[in-house]
4 protein chains.
Amino acid sequence: MLHFECDYACGAVPAVLQALADTNDAQACGYSEDAFCDEARRIILEKCNAPHAHVHFVVGGTQANLTVIAAALRPYEGVLCAETGHINVHETGAVEATGHKVLGLPQKDGKITAAQVRQAMEAHLSDASFEHIVRPGMVYLSHPTELGTLYTKEELIEMSCVCREYGLPLFIDGARLAYGMAAMPDVDLPFLASICDAFYIGGTKCGLLFGEAIVLTSSALNQHFRYHIKQRGGMLAKGRLLGIQFKAIFEDDLYVKLAAQANAMAQQIKARFVSHGCPLFADTIANQIFVVLSNDVCDKLKEKYRFTAWEKVDDTHTAVRFCTNMTTKPEEVEALLADIDRAMV
Amino acid sequence: MLHFECDYACGAVPAVLQALADTNDAQACGYSEDAFCDEARRIILEKCNAPHAHVHFVVGGTQANLTVIAAALRPYEGVLCAETGHINVHETGAVEATGHKVLGLPQKDGKITAAQVRQAMEAHLSDASFEHIVRPGMVYLSHPTELGTLYTKEELIEMSCVCREYGLPLFIDGARLAYGMAAMPDVDLPFLASICDAFYIGGTKCGLLFGEAIVLTSSALNQHFRYHIKQRGGMLAKGRLLGIQFKAIFEDDLYVKLAAQANAMAQQIKARFVSHGCPLFADTIANQIFVVLSNDVCDKLKEKYRFTAWEKVDDTHTAVRFCTNMTTKPEEVEALLADIDRAMV
Amino acid sequence: MLHFECDYACGAVPAVLQALADTNDAQACGYSEDAFCDEARRIILEKCNAPHAHVHFVVGGTQANLTVIAAALRPYEGVLCAETGHINVHETGAVEATGHKVLGLPQKDGKITAAQVRQAMEAHLSDASFEHIVRPGMVYLSHPTELGTLYTKEELIEMSCVCREYGLPLFIDGARLAYGMAAMPDVDLPFLASICDAFYIGGTKCGLLFGEAIVLTSSALNQHFRYHIKQRGGMLAKGRLLGIQFKAIFEDDLYVKLAAQANAMAQQIKARFVSHGCPLFADTIANQIFVVLSNDVCDKLKEKYRFTAWEKVDDTHTAVRFCTNMTTKPEEVEALLADIDRAMV
Amino acid sequence: MLHFECDYACGAVPAVLQALADTNDAQACGYSEDAFCDEARRIILEKCNAPHAHVHFVVGGTQANLTVIAAALRPYEGVLCAETGHINVHETGAVEATGHKVLGLPQKDGKITAAQVRQAMEAHLSDASFEHIVRPGMVYLSHPTELGTLYTKEELIEMSCVCREYGLPLFIDGARLAYGMAAMPDVDLPFLASICDAFYIGGTKCGLLFGEAIVLTSSALNQHFRYHIKQRGGMLAKGRLLGIQFKAIFEDDLYVKLAAQANAMAQQIKARFVSHGCPLFADTIANQIFVVLSNDVCDKLKEKYRFTAWEKVDDTHTAVRFCTNMTTKPEEVEALLADIDRAMV
C-alpha cells in the first residue's frame, strides 16, 4: 500500500534525521531555551530579513493556531477565515475551546478577499446591536490553502492593508508553506514577515518529524507569548529537537528545494489524470492534486493506494485528493502513474 | 557544562533513536492510527495485564494532564491534588484554562492521603452552600511525586478505595514512572491499571525524545477521547513516532532497566552529599536528589554543573535538585562526585 | 417617542408588579430555594403536565441559553441551530465563551428541519476525519423564531424523533413563548415538555420585569444543574423575585391572555402596512411585524417611533421590525396606525 | 421564622420599590442605554467625584466579579485574593470557568496585605520557571470582607501603591459597600475611585431588589466592556431597572443612612452576645455578627431564627453568622435579643 493521502506518510527527510542522530548525545537545557533553538531562530529571522521579529517553536499546527489566536484575541473577539479554513473545519473546535468564535466567510478556491474582510468589519461597526455580536479581531489565512491554492502577492498586500486599516492582526497558517514558496517564489519569507503580524513556517508537512516555527512580527503579540505556549500544552520539554530540525531543513535551502521536487511530482500526477480527461476539482499549484474520479477508478486505485475522499460529486463520481511530500520517492509516483493508466482502461 | 537540572538533558536512549531511524522510510497513516502504534498499544496493554483498557499517545505531560482532566470533569467540578502538584504549580494554569479549578490539598513529602480526600468530599457534601462551591470531581496524584517520593502500594489501594466510594476518578501522572517502577517494583503497571481510572506512562523523562502513553481503564472516560486529544492540540500528525518509540523502550524491559541505572547513579550522588554532612531536603528514592547546600558550595558547583534551585532555606543555604536520567553517563556522575568533594573543602 | 423596537419597552404587567409589592416585606431565604419559587415551580410543572420534570429560574435569556448548552455538551461537542439563531448571532459568542462551537445550519423563515439535523449527523458520522470535526451534540431551536415564525406541531415531532434517534438533546428557546402559545395553541406546555429535553418559558419579553423559567425534562441534564447556574453567574440572590413573578403571570392564564392581546395588536399593524402595499419580510404570526419600507417612510416614522432596522433590501428600501408586547397600549397602536397612513401619502 | 442568615431576606427598601412602581409605565430602550441609567451613572460618578470614570450595571455579584476579572486578565494571568475571598470559595469556580486561576493568599481577619502582594509578584518574577507559573495579573479585595472586617484607608493606599508599582489592576468587591461606608466613612466613593481600577457598589445586599454598579476608573478596562457584559450573560434586557433602583437608593443618601441603621442593629446583637460571655469569631464592624455559640444555644435559637453555621469550633461549639440589612426591622431585632437572653439561661 502506498500512501498519498496526506503530507506525512514517512518520517523525516534524511538531513533532518541525521541532524537528530548527530546531536543526540549533546546536553542542553529544556523548553527551547538551548543553543540549537537559538541558532535556528537566528537563521529563520535572517531568512525572513526581520531582525526584530521573534520565533517560537511548537510541535504541531493545531497548537500553533490555537496558541496564536488565543493570545491575539480579547474574549469578545472572533477570527475571520474562509469557511473551509482548517481552524473552522478540522481542529475539533480547538479555537472555540479557548473561548473564541470562528467567523467563517464564503470562500472561492479556498481563499477569501480583502473586500470580504472590509465588509465584515463595516457590517459589524454599523450594526446598532454591535455589542451583542462577536467582534472580528483577527484574520486567519492558509497559504497554501486547504484546497492547495495560493494567494498572490497582490492579494496578500491588499489583505494586509485592510487588516492594518481596521487594526486586525493578520495571521497566516503556513503548514505547507514550503510547497507554496517553491510554487510561487515571490511570496517568500521576507514578504510574509512584512505583511503579517504572525505566521508559521510548517515543518510537520515539510520534511520534519514534527514542528512548526511561529514567527511573530508584532511585539505586542510576542509579549509573554511563552506563557501562552506552556499553558496550551505546546511547550516541548526537549525543545532542542525543534531547533535541530529547523536548522537542518534550512541548510542548503533544503526547505524549498525538496518542496520543489514534491511539487514537480504532483504536476506529473495531475498531468496524468488530465491526460485521461479527468476534471480537476481544484488546480494543482503546489503538492496537492484534487481530481474528480469515477467511483470505479477510485475502487481500482484503492487496492494499492491510499488517498483522501474529499467530496461526493454525484452518484458515480468523487472528488479525491492525492498529496506528494518531501519524502515521496520517484518510483512511488511512477507506480502510481502506471496504475492510473491501468485503472482508466 | 554538565546538565543535572532536569530529566531531559539529552535526546533519546540509543534503542529509541535507532528504532526511529530504522522505520523512517516506512509509510504509514497519520494520527497514531498506524500499525506501529497498534503494536505499541498491544505491548503496553499486555504489560498492564489490562486487555480491556485503552492506550492513547500524546507528546507531552501537560497535554496528557489537561486532556485527561478536561475529559473527565463536568464544568462545575475541580481536581483534588497536592498543593505542590505539577498541575497546580508548573503548568501555567493549563487546567484552569480548560475551565476547572485545581483544588490543592496540603502535602507531606509531596503526597496527599486517602483521609484528606475523604475529608474534602465530606466537607463539600455537608456544606449547606455546596452548590456555590466547586465540587471535587477527580483525584490527581504524581508517582513519583514532584519531590521524588513514592506512594506505597498500601497508600494507593487506600486512595483508590476512597475514590471509588465517592465516585471520583483516580488519575496518576507517571511522567517519571520508569524511575518509580525501578525503585518500588510492586507498584507496577498491572497494579496501576487495577486501581486507576487513568494514568500515563512517561516517555519524555524516561528515555524517549518525547511522548506519554495515557492508559484509560475507564471505558466511560475512553469514549470519544480522541476528539479531546485533537481539540486540545495533542494529536501528533506523524503519530507513528510515538508508537515506534514506546515499542522500542518496552523491548527487553529497557524502560525499567535503564531507569534502575539512573536511580543507582542518583544514589551515588546522594551518598556523596550525605557523606559530607549535607542534609537531605527530601529522600532520594528514584532519580532525583534534593539536598540542602550552603550557597558557597552552590556557587562552586554552578561553574561546571546545571542544577535546580528549589527553595531558599535560610540566608546562607538553598535546597537544590539534581536529576539523573536514562541518558546520564557514568563519567558525568564521576566528574560530579569529584567536584562535590572539591567544593566541600 | 413610542417604542416598538423590542419586547421590553416598559416594566412589568400590573399583576406582576403588584405581586412584587405585596410580597416585598415577607422574609425568605435566597437563591430560589424559597416558598414562592417552590409554588411557581409547582404551578409550571402542573401546567406542563410533567410532574417529574424540573424548573430552574434565571434572570435572562442569554444566561438560560449558555447555562443549558454548557451543561448539556461535552467539550468536543457543538450545538446545531439555524444560522440566524440567537445564540449564533446576538449573544456576543456566549456559547463559544463556554468552549463550544455553534454549528449554524441554513434556515428558511428562521427555521431548520429534522432532515437537516439528520444530514448533519450523517455527514459527521460518515466522515473519515470525524475526530477532527466538532461533533453535533444538541439541537437548539427558538419558538417563536428570531423571524417571528412558529414551528408546527408536526415539524417539532419530526425534529424530536430525529434528535432521539441520534441521542441529541433538544432545547427550545422560548424567550417569546407566550406569543407563540397564543398564536398556535397546540404547541402548548405539555406538548413541549413531551418532546424537549429542555426548554425555557420566557418572562422578560412576556410581561415580567425579568426572568426565564428553564424546564428540564431530562433528569441527566438536571443533575447538579444548580452548580452550573451559580458558576455561570445566573443564580439570583433574591431568587424569590423570579418565583413571585412567574406565579403572578400564570394566574388566570395571564401569560397567554395578555400575549393574545399583543398578537392582535401586531395583526392590526401588519394589516395596515399590507393595506398600503408594503411587502412583508416575514409573515406576522405572533407579536412581531417584519415589513419592507421605503427609506422615506422609515425616516418619517422615525420621528416619533423607535423600531429596528433589520436588513437593507436595496438602496431605497429596508426591512424593519416592529414588536408589540404585553404592556403595549391600544392608544399607542392607534397612534402608530394613523402615522403609518400619514407616512404613506 | 425570622431570617438573619444573609443580607437579602426581604425585597427592596420602600423608596426603591416605589421608584420601580412609579416608572413602570414609562417607555425606554433596553440594555441600560436608557435615560434612567444615564441619570444613575451621572449621580454615581458625581458621588465618586470621578467624572472620567465609567459605570456599568449588572444584576449580581458573581456576574460583576467574573466579568471584570475576565475582562482585565490575559489568558496566562491569575487573580490574587484572600484564600477566603468570595471568588475563591463561593462562586463555584466562576472565575476558573473563564480560564483563570484564582491565586489564594493566606488571610488574617479576611484581609491580605500589600506586603503579601509584593512578595507574590517578587516570587513570580524571580522564579527561573516563571513561564510555567500563572502570572499574577490583578488583585481582588472585598470591602467589607467575607468576615465583615474593613480595610483601613492606610491599608488600601499601601495596596494601591504596590499594585501600581507592579502594574496590577486593583479591583474591590463592594457587595456590602454601604455597610462599610457607614462604619468607616473615610473609605468613601471618591477615595475608592482614586485608588482602584475597578470596584463595584453593591445593590443586592444593600437595599435593592438586585443590582451592582461597576465603576471602572481605568479607561483601558472600560474599552469594549459592554461586549464582555453581554457575552457573560450579565446584560439585563430591561436594564432601566438597574438605573431606576440605583438612582432611588442614592437619593437623600439613603445608601449610607439605611446601612448605618443596619449596622446599629448589628451592634445591639453583638453586644447582647458579648454580655452573655460569648466569644466573637470576628469583630462586628458593619452589618455582620460572627459569634461562637454552644450547640445547645444554637439549637434553641434555630427554632425561631435562621442564621448561618460558619465553622465548627469544637465538638460542642460552632461559629455562626447573623446579618442585619437595610430591611431589618427593629422589632425583629428586639425579638432576637429577648430570645438570646432566654437561650442563654
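Residues numbered from 1 in each chain as written. Chains lettered and ligands numbered in written order. Predicted model: local features only at pLDDT ≥ 70, side-chain atom pairs only at ≥ 80, totals over all residues. Heavy atoms only, no water.

## Points about the overall build of chain A
Counting its regular elements, chain A contains 15 helices and 13 strands. Expected size for 345 residues packed as a compact globule is a radius of gyration near 20 Å; at 21 Å, chain A falls within 12% of this value. By its C-alpha atoms, chain A is 60 × 60 × 35 Å across when sized along the principal axes. By the burial criterion, 65% of the 345 residues in chain A qualify as buried. Summed over its atoms, the accessible surface of chain A is roughly 11,700 Å², and 52% of this surface lies on carbon and sulfur atoms. Charged side chains of chain A number 30 positive and 42 negative; the gap between the two group centres comes to 3 Å. (Helix = DSSP H or I, 4+ residues; strand = E, 2+ residues; numbered from the N terminus. Rg over C-alpha atoms; globule rule 2.2 N^0.38 Å. Buried < 20%, exposed > 50% of the residue type's maximum accessible area, 1.4 Å probe, protein only. Areas by Shrake-Rupley, 256 points an atom, 1.4 Å probe, with all protein chains shown as cover. Lys, Arg positive; Asp, Glu negative; His and termini not counted. Charge placed at Lys NZ, Arg CZ, Asp CG, Glu CD.)

## Comments concerning the packing of aromatic side chains
Considering all chains together, one arrives at 54 aromatic pairs over all chains under this definition. Note on B:Phe246 and B:Phe250: the rings are 6.4 Å apart at their centroids and 20 degrees apart in plane angle, and the pair reads as stacked. Within this pair, B:Phe246 and its partner B:Phe250 are both found in helix H12 (residues 240–250), separated by four residues, close to a single helical turn. Here B:Phe246 matches B:Phe250 in class, with each residue buried. An aromatic cluster is present here, built from A:Phe4, A:Phe273, A:Tyr305, A:Phe307 and A:Phe322 joined pairwise through their rings. The ring of A:Tyr151 carries the charged tip of A:Lys111 above its face, separated from the ring centre by 5.5 Å. (Phe/Tyr/Trp six-rings, centres within 6.5 Å; stacked < 30°, edge-to-face > 60°. Lys NZ or Arg CZ within 6 Å of the ring centre and 35° of its normal.)

## Looking at the sheet that holds strand S10 (residues 288–294) of chain D
All names here are of chain D. One open sheet accounts for four strands, arranged S9-S10-S13-S12; its pairing is antiparallel. Edge strands, defined here as strands with exactly one partner in the open sheet, are strand S9 (280–282) and strand S12 (308–314). Each strand axis lies, on average, 30 degrees off the axis of its neighbour in the sheet, ignoring direction. As defined by bridge partners, S9 adjoins S10 across two bridges and the pair is classed as antiparallel. Counterpart to Leu280 in the pairing with S10 is Val291. Of the strands in this sheet, S9, S10 and strand S13 (317–323) touch helix H12 (residues 254–275), which is tilted by about 20 degrees from S10. Sitting on the sheet, helix H13 (residues 295–302) is in contact with S10 and S13, with an inclination near 120 degrees to S10. (Pairing = 2+ DSSP bridges. Axes fitted to C-alpha atoms, helices over the stretch in contact; angles between N-to-C directions. Contact = heavy atoms within 4.5 Å.)

## Section: helix H11 (residues 240–250) of chain D
All names here are of chain D. Among the 11 residues in H11, 10 count as buried, and that is most of the element. Turning to H11, its buried residues are Arg240, Leu241, Leu242, Gly243, Ile244, Gln245, Phe246, Ala248, Ile249 and Phe250. Immediately downstream of H11, the backbone of Asp252 shows phi near 55 degrees, a positive value.

## A few points about the relation of the copies chain A and chain B
When chain A is fitted to chain B, the residual RMSD is 0.0 Å, and the transformation amounts to a turn of 180 degrees plus an axial shift of 0.0 Å. One copy is carried onto the other by what is essentially a two-fold rotation axis. A share of 100% of interface residues in chain A that are also interface residues in chain B marks the association as one of identical surfaces. (Least-squares fit on C-alpha atoms with pLDDT ≥ 70 in both.)

## Observations concerning unusual backbone geometry
Omega for the peptide link from C:His143 to C:Pro144 comes to -10 degrees, which places this bond in the cis form. Tracing the chain through its elements places C:Pro144 in the loop between strand S5 (135–142) and helix H7 (153–166). In this model, A:Asn49 sits at a positive phi of 55 degrees, which is unusual for a non-glycine residue. Owing to a relative accessible area of 60%, A:Asn49 belongs among the exposed residues under this scheme. Unlike most non-glycine residues, C:His224 shows phi in positive territory, near 65 degrees. Of note, C:His224 is situated in the loop between helix H10 (219–222) and helix H11 (225–231). Overall, the relative accessible area of 23% leaves C:His224 in the partly exposed class.

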